[in-house]
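So the chains spell out like this:
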Amino acid sequence: MTANWEKTENGYGVLTFEISEPQKKVAIDKAFNKVKKNLNVPGFRKGKVTRSVFNRMFGETSLYEDALNNVLPVAYPLAVEEAGIDPVAQPEISVESLNNDEPWVIKAKVAVKPVVKLGQFEGLEVEKQDRSVTDEEVEDRLKAEQEKNAELIVKEADQPAEDGDTVVIDYKGFVDGVAFEGGEDKNHSLELGSNQFIPGFEEQLIGTKEGDEVEVKVTFPSEYHSEALAGKEATFEVKVHEVKTKELPELDDEFAKDVSEDVSTLGELKEKYRKELEDEKKQLADEKVQDAAIRKAIDNAEIIDLPEVMVTEEVDRQLDHYLNNMRRQGIEPDLYYQITGSTEDDLKQQFTQDADVRTKTNLILEQIVKEKDIEVSEEEIESEIKSLADEYDMDEKQVRNTVSTDMLAEDIKLKKALGLITESVKEV
């Protein structure tokens, strides 16, 4: 096979290759044998027309499209191998010539993996992260738990609603004197100060009492999710049925035992919360250190001609991974979009934000694997299979049937490369 690679720009190039006469013949024969099965030609039983008759009636060129589809899956990889390139996406194929008595000439626009020149990636210095937990943070966690376990007590009829109280209301909304869809509810419990409703709504209910009927006037935000209501002035007719106030439980040993089976005293509960906060802070700090180290390794490296398609495919990969996780929880994409009030484009935009960094990270890790000649043992692969089985509550055999050992080995290599960056980092 003759293959010629010509680099163009931004990680792309044109691969020109030939499909030889022998390759053409095999592909055309295969196309003919497929087509003739369904042909009804006078003088022949169905599917038994000869090649010479077919060529006279339809012309051999009528087989070329199918023949090309037959041969390309074999010819293209051979051309890639001969040219010594590393494609990162499906090519854009175009036909240069399909002459009868000459090799066919095909062109493919191909995005290739960029050249990566590593800079310093070990012993990097990043900003020191605070992992300490203060007494105030422990108290805040305790108060949050106290709030969560508060009881709502109905106030006396003459006691007004205050910020933080819960009012049980009927309401109906009007714009220009006309009731609008979704603007009505009965016996709705609303905590004042929770900012669940349109800005200004809850504040106007402070001071109301049981049995009060009031008008609440608000303006919908200009970026409200309903275009029909965005920026519009509205009036709500509101009737207050009840006003409830929070009664906080005493912070004592009994409270501690009620909220956690693992403790017997309030002091033990505080220590438990301190440990949880320390674990959370450590994890968050470790993630920040890792992220900072990776970004420094990226800044220190040179990545030449990164094709945009690699970033685009990273977004698609993240989207598929996220939606598949939703499906494992029994939530189909359409239901997810309905629940969250979002669209596929919104989700793609979310993953686009860091797609460039993720793509460059993978390229750098792959280059570290290559330059450091990182290998993986059978024991490490078996350990990874067991870990995945535990994580996804699957049988180990299921994991082996789902993920190839080659893929697992590549993942482990990348993790080892990441370890070379993160385990040697210094916080200063």
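Structure first, text after, so check above.
We now turn to the structure provided with this report. (Residues numbered from 1 in each chain as written. Predicted model: local features only at pLDDT ≥ 70, side-chain atom pairs only at ≥ 80, totals over all residues. Heavy atoms only, no water.)

The number of helices and strands found in the protein chain is 13 helices and 13 strands. The C-alpha atoms of the protein chain give a radius of gyration of 34 Å, which is well past the 22 Å a tight globule of 428 residues would have. Oriented by its inertia axes, the alpha-carbon framework of the protein chain measures out at about 100 × 60 × 45 Å. Of the contacts made within the protein chain by residues no fewer than 6 positions apart, 67% connect residues no fewer than 24 positions apart. Here the protein chain contributes 55 positive and 100 negative side-chain charges, whose respective centroids are spaced 8 Å apart. (Helix = DSSP H or I, 4+ residues; strand = E, 2+ residues; numbered from the N terminus. Rg over C-alpha atoms; globule rule 2.2 N^0.38 Å. Contact = heavy atoms within 4.5 Å. Lys, Arg positive; Asp, Glu negative; His and termini not counted. Charge placed at Lys NZ, Arg CZ, Asp CG, Glu CD.)

Bringing the sheet that holds strand β3 (residues 92-97) into the picture now. What the four strands build is an open sheet, ordered β1-β2-β4-β3; its pairing is antiparallel. Among the strands making up the open sheet, the edge pair consists of β1 (3-7) and β3. Each adjacent strand pair in this sheet contributes to an overall mean axis angle of 20°, direction not counted. Inspection of the sheet shows β1 paired to strand β2 (residues 12-19) by five bridges, in the antiparallel sense. Residue pairing in the sheet places N4 in a bridge with T16 of β2. Along the sheet, helix α3 (residues 64-83) makes contact with β1, β2, β3 and β4 (104-111), crossing β2 at roughly 120°. (Pairing = 2+ DSSP bridges. Axes fitted to C-alpha atoms, helices over the stretch in contact; angles between N-to-C directions.)

On to the packing of aromatic side chains, then. As enumerated under the stated definition, the model contains 15 aromatic pairs in all. Arranged with centres 5.0 Å apart and planes meeting at 40°, the rings of F54 and F58 form a pair that is tilted. Residue F54 and its partner F58 are located together in helix α2 (residues 51-58), separated by four residues, close to a single helical turn. The buried category is assigned to F54, whose relative accessible area is 3%. Summarising the aromatic geometry, the rings of F180 and F220 are spaced 5.7 Å apart at their centres and angled 80° between planes, so their arrangement reads as edge-to-face. (Phe/Tyr/Trp six-rings, centres within 6.5 Å; stacked < 30°, edge-to-face > 60°. Buried < 20%, exposed > 50% of the residue type's maximum accessible area, 1.4 Å probe, protein only.)

Moving on, we get to a negative patch on the surface. Among the surface-exposed residues, E250, D252, D253, D258 and E268 lie close enough to one another that they form a single negatively charged patch. Look at E268 and you get partly exposed, because its relative accessible area is 36%. (Patch = residues over 30% accessible without salt bridge, like charges linked within 9 Å, V, L, I, M, F, W, Y side chains within 5 Å. Areas by Shrake-Rupley, 256 points an atom, 1.4 Å probe, with all protein chains shown as cover. Salt bridge = Lys/Arg side-chain N within 4 Å of Asp/Glu carboxyl O.)

So, on to the pattern of salt bridges. Inspection of every chain in the model, using the stated rule, returns 38 salt bridges. The closest approach of N and O atoms between K281 and E137, which form a salt bridge, is 3.0 Å. Of this pair, K281 sits in helix α6 (residues 266-300) while E137 sits in helix α4 (residues 135-148), and the two are 144 residues apart along the sequence. Across the salt bridge formed by K282 and D286, the nearest N and O atoms sit 2.7 Å from each other. Highlighted residues: K282 and D286, both in helix α6, separated by four residues, approximately one helical turn.

Attention now moves to α4. The end-to-end C-alpha distance of α4, which contains 14 residues, comes to 20 Å, matching closely the 20 Å that a straight helix rising 1.5 Å per residue would cover. Listed as buried for α4 are V138, L142, E145 and Q146. An end-on view of α4 places all buried positions within 105° of arc, on one side of the element. Exposed positions of α4 whose direction lies more than 90 degrees from the buried face are E136 and K148. Summarising the contacts, the buried residues of α4 are in contact with α5 (253-259) and α6. (Expected span 1.5 Å × (residues − 1). Arc of directions from axis to C-beta.)

Take the packing of helix α7 (residues 308-328) against helix α8 (residues 333-340) next. Where α7 contacts α8, the two axes come as close as 9 Å, and the packing angle between them is 90°. The orientation of α7 with respect to α8, classified from their angle, is roughly perpendicular. Seen from α7, the contacting residues are L319, Y322, L323, M326 and R327; seen from α8, they are P333, Y336 and Y337. Residues that form the contact of α7 with α8 fall into these classes: seven nonpolar, no polar and one charged. (Parallel < 35°, antiparallel > 145°, perpendicular 65-115°, else oblique. Nonpolar A, V, L, I, M, F, W, Y, C, P; charged D, E, K, R; others polar.)

Attention shifts here to the side chain of K413. Mapped onto the elements, K413 comes out in helix α13 (residues 405-422). Its relative accessible area of 16% is what places K413 among the buried residues. Ignoring any residue separated from it by four or fewer positions in sequence, one finds K413 in contact with V369, I374, E375 and V376.

Residues L15, F17, I19, L68, Y76, W104 and V110 are the most contacted members of the largest nonpolar core, which totals 29 residues. Breaking this core down by element, the ones donating at least two residues are β2, α1 (21-36), α2, α3 and β4. Ranked by the residues each element gives to this core, the list is headed by α3, at nine residues. In terms of nonpolar packing, the next biggest core, distinct from the first, is built from 25 residues, V289, V309, L363 and V369 among them. (Core = buried A, V, L, I, M, F, W, Y, C linked by side-chain atoms within 4.5 Å.)

In terms of burial, strand β8 (residues 166-175) is a largely internal element, nine of the ten residues being buried. Of the pairings in the sheet, the one linking β8 to strand β9 (residues 178-191) comprises eight bridges and is antiparallel in character. Each bridged residue has a counterpart across the sheet, and for V167 the counterpart in β9 is L190. Where β8 hands over to β9, the hairpin turn is made up of two residues, of which D176 adopts a positive phi near 55°. Relative to strand β11 (residues 233-247), β8 runs antiparallel, the two sharing nine bridges. Each bridged residue has a counterpart across the sheet, and for Y171 the counterpart in β11 is V238.

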